[in-house]
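Examining the three-dimensional arrangement
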Amino acid sequence: LLQSGWQSRLAGLKTLLFNVSRAVTRDVLINFSPKEGPSRLNSTEKGKAGKIHFPREIFQSLGSQTVRVVVTVLNIQQLGMFKEVNQTGQVLDNTVVGITVGESSVSGLQEPVQITFPHGELPQVSAVPALTAAPGPLAGQAGGWRSSGCVTQPGDKGTVCSCDHLTFFTLLLNPALDSSTARALLAVATAGCGVAMAFSIFTVAFCIFVRCRFRLEETVRTNLGLHLNLVGSLLLLNLAFLLNTGLAGRASPSTCRVLGGLTHYCLLCCFTWTALEGCQLYVLFVKVLGTYIHHYLAKLCLLGWGFPALVVGVAGALGSYGEYSIQTMDHQAIAHLCWITSKYLLVHYITNCGYFGLIFLFNMAVFGVVTHKSCSLQGTGAVQGHRKPWKVALVAAGLFCLLGATWALAFLTYGISSAAVLYLFTILNSLQGIFIFIWLVVLYYPKTKESTGSLSYIIRHDKTTTASQD
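Basis of the calculations
- Residues numbered from 1 in each chain as written.
- Predicted model: local features only at pLDDT ≥ 70, side-chain atom pairs only at ≥ 80, totals over all residues.
- Heavy atoms only, no water.
- UniProt positions renumbered as here; feature names shortened; annotations may be inferred.
- Patch = residues over 30% accessible without salt bridge, like charges linked within 9 Å, V, L, I, M, F, W, Y side chains within 5 Å.
- Areas by Shrake-Rupley, 256 points an atom, 1.4 Å probe, with all protein chains shown as cover.
- Salt bridge = Lys/Arg side-chain N within 4 Å of Asp/Glu carboxyl O.
- Helix = DSSP H or I, 4+ residues; strand = E, 2+ residues; numbered from the N terminus.
- Buried < 20%, exposed > 50% of the residue type's maximum accessible area, 1.4 Å probe, protein only.
- Pairing = 2+ DSSP bridges.
- Expected span 1.5 Å × (residues − 1).
- Bend = angle between axes of the 7 residues up to and from the residue.
- Disulfide = S-S within 2.5 Å.
- Axes fitted to C-alpha atoms, helices over the stretch in contact; angles between N-to-C directions.
- Core = buried A, V, L, I, M, F, W, Y, C linked by side-chain atoms within 4.5 Å.
- Parallel < 35°, antiparallel > 145°, perpendicular 65-115°, else oblique.
- Left-handed = near helix turned anticlockwise from the far one by under 90°.
- Contact = heavy atoms within 4.5 Å.
- Nonpolar A, V, L, I, M, F, W, Y, C, P; charged D, E, K, R; others polar.

If you look the chain up in an unreviewed UniProt entry, it shows as AGRG3 protein from Agelaius phoeniceus. The UniProt entry for the chain carries the following text under Subcellular location (unreviewed entry): "Membrane".

Structure representation (structure tokens):
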């Protein structure tokens, strides 16, 4: 039922042609590789070749008794073909696979054709299935790659593209960081961390000065204690990052594991204190009349510094830490960090991405409730006086920093615009210490007469109102 065909092997172009009977009872499998081209299933490099799976329904639905199938593997670098204007992605191994069945175009397949593109670990890229449209609908208009009609299933050793039509296929990879961009980002992050450390020290000194010099309400003292611990975690995180970038690549494996664990611990402490800031904001503005907790701040410290240590201890016991390399598309290392190794990326996704994702959703919900409650107080006349717009904007921006909104940009660092988002993410998080310092000085520095628009006044009035209603 599957008739033998012939092969063409020219420079950059390899073709397999064969006939398939309409009465075929089994699916048709073809192997291909960039070097060897397309061939029968049992005659290519084992474990390294790609695969094309033709469902038998394709041939059974055609009118003729025998249909000709042409499979072509092209090296577009050698042939100088399929070069799209302003293309940002890179074609995997410069390989394009063309499939033709019969004399007419085939589309709308119920059982899709599956093309498996083999590859190793893809460094810092996201794979996109793509097909090329031949010349455009207007004369002289160029075609281009698009992903419609294909579903991608990435894997460790290959990516499977299931498509409901037949044309030319490839795997288009979004560009990884090039060496110049990576070095620029590293320089920006290093300078930003140095500045952030200086302002974090100023912030710690300011918080200690205010707590010791002025008589403050217990609520305000607790808030300052929370801010002090958050800024302390940011200070340690910046310090750990500077040590990491300075020692990675030269440290011994054991030292690198310790440094990776330390950096992960500081990051988790920062996330945890961000969550505790959200919880405290919820208690002050929503719960209002909570029960008194003995040694409240000390217990928060135990949670804020102890829980990350537990997580890092478990991750370290699993052997998750070591040298992590940031690579280009051709697997050239452009930066080394002591971090969670590629083998344990699941640890990163759970403890960093998943953990922060939950914290961010909770904190944004709290921020929405607080904003609504503040507007309600303004509408009922509870808050007297006029607050300058720039101060209102500064308070909102400060709350955003405290609640970790700038870290959420990490979820947007994928795709063709990732470089711009990475710059924004690096700059904003490097300057987070400066933002918090300015916010604390403007909001918390004691005035000769307390403003009726201040945060502490709103909290106290809300407590009084709630108590009278009860």
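1. What about a nonpolar patch on the surface?
A surface patch of nonpolar side chains, about 470 Å² in accessible area, is lined by Leu303, Phe307, Leu310, Val314 and Leu318. In this fold, Val314 is placed in helix H6 (residues 296–317).

2. Some words on the pairing of strand E9 (residues 113–118)
The side-chain alternation of E9 yields one buried face, formed by Val113, Ile115 and Phe117, and one unburied face, formed by Gln114, Thr116 and Pro118. By the bridge criterion, three bridges tie strand E5 (residues 50–54) to E9 in an arrangement that is antiparallel. The residue of E9 that forms the bridge with Lys51 is Thr116. In the sheet, E9 pairs with strand E13 (residues 158–163) via six bridges, with the strands oriented antiparallel. For Phe117, the partnering residue across the bridge sits in E13 and is Thr159.

3. Section: H6
For H6, with 22 residues, the first-to-last C-alpha span of 32 Å sits near the 32 Å given by 1.5 Å per residue. Of all the bends in H6, the greatest, near 25 degrees, is centred on Gly306, and the proline Pro308 appears no more than four residues after it. Within H6, burial applies to Leu300, Gly304, Pro308, Val311, Val312 and Ala315. A positive phi of about 75 degrees marks Gly319, the residue just after H6.

4. A word on the state of the cysteines
With the rule as written, the count across this model stands at two disulfides. Linked covalently through their sulfurs, Cys150 and Cys163 form a disulfide whose S-S length is 2.1 Å. Linking Cys150 and Cys163, the disulfide has an S-S dihedral of approximately 110 degrees and is accordingly described as right-handed. In this pair, Cys150 is assigned in strand E12 (residues 150–154) and Cys163 in strand E13, connecting sequence segments 13 residues apart. Here Cys150 and Cys163 have matching classes, each one buried. Across the disulfide, Cys256 is cross-linked to Cys338 (sulfur-sulfur distance 2.2 Å).

5. What to know about helix H4 (residues 218–247)
In this model, H4 (30 residues) spans 43 Å end to end at C-alpha, consistent with the 44 Å of a helix rising 1.5 Å per residue. Gly249 lies just past H4 and shows a positive phi near 90 degrees.

6. A look at the sheet that holds strand E4 (residues 37–40)
Taken in spatial order, the six strands make up an open sheet running E4-E3-E5-E9-E13-E12, and their pairing is antiparallel. Bordering the open sheet on either side are E4 and E12, each of which pairs with just one other strand. Across this sheet, the average inter-strand angle for adjacent strands is 20 degrees, counted without regard to direction.

7. Observations regarding the pairing of strand E2 (residues 13–21)
The buried count for E2 comes to eight of nine residues, which makes it a mostly enclosed element. Bridge analysis of E2 against strand E6 (residues 66–75) gives nine bridges, and the strand direction is antiparallel. Bridge pairing in E6 links Val20 to Val67.

8. Focus: the pattern of salt bridges
Counted under the stated rule, the structure contains one salt bridge. Asp27 is paired through a salt bridge with Arg56; the nearest N and O atoms lie 3.3 Å apart. Placement of the pair is Asp27 in the loop between E2 and strand E3 (28–33) and Arg56 in the loop between E5 and helix H1 (57–60), with a sequence separation of 29 residues. Asp27 gets classed as partly exposed once you look at its relative accessible area, which sits at 32%. Assessed through its relative accessible area of 31%, Arg56 is described here as partly exposed.

9. Details of the nonpolar core
Phe271, Leu281, Trp407, Ile436, Trp439, Leu440 and Tyr444 are the most contacted members of the largest nonpolar core, which totals 56 residues. Among the elements that take part in this core, helix H5 (residues 253–287) stands out by supplying 13 residues, more than any other. Listed in part, the 31 residues of the second largest apolar core include Val20, Val24, Phe32 and Val71.

10. Topic: the packing of H4 against helix H10 (residues 432–444)
Helix-helix packing is described using two parameters, namely the angle between the two axes and the distance between the axes. Two elements in contact, H4 and H10, have axes separated by 11 Å at closest approach and are oriented at 165 degrees. The orientation of H4 with respect to H10, classified from their angle, is roughly antiparallel. Like other packed secondary-structure pairs, H4 and H10 cross with a definite hand, here left-handed. Taken together, the residues of H10 that come into contact with H4 (itself represented by Val220, Asn223, Leu224, His227, Leu230, Val231 and Leu234) are Gln432, Ile436, Trp439, Leu440 and Tyr444.

11. Regarding the packing of H4 against H6
For the pair H4 and H6, interaxial distance at closest approach is 10 Å and the crossing angle is 20 degrees. Put simply, H4 runs roughly parallel to H6. Our pair here, H4 against H6, has a crossing hand that is right-handed. Of the residues in H6, those touching H4 at Thr222, Gly225, Leu226, Asn229, Gly232, Ser233 and Leu236 are Tyr296, Leu297, Leu300, Cys301 and Trp305. A per-class count over the contact of H4 with H6 returns seven nonpolar, five polar and no charged.

12. Some words on the UniProt feature "transmembrane region" (unreviewed entry) in the chain
Within this numbering scheme, the UniProt entry marks residues 184–212, 224–242, 297–321, 349–371, 392–414 and 420–445 as carrying the feature "transmembrane region" (unreviewed entry). For the annotated span residues 297–321, helix accounts for 84% and strand for 4% of the residues, and the straight-line distance between the end C-alpha atoms is 32 Å. With 100% helix and 0% strand, the stretch residues 349–371 has end C-alpha atoms that lie 31 Å from each other.

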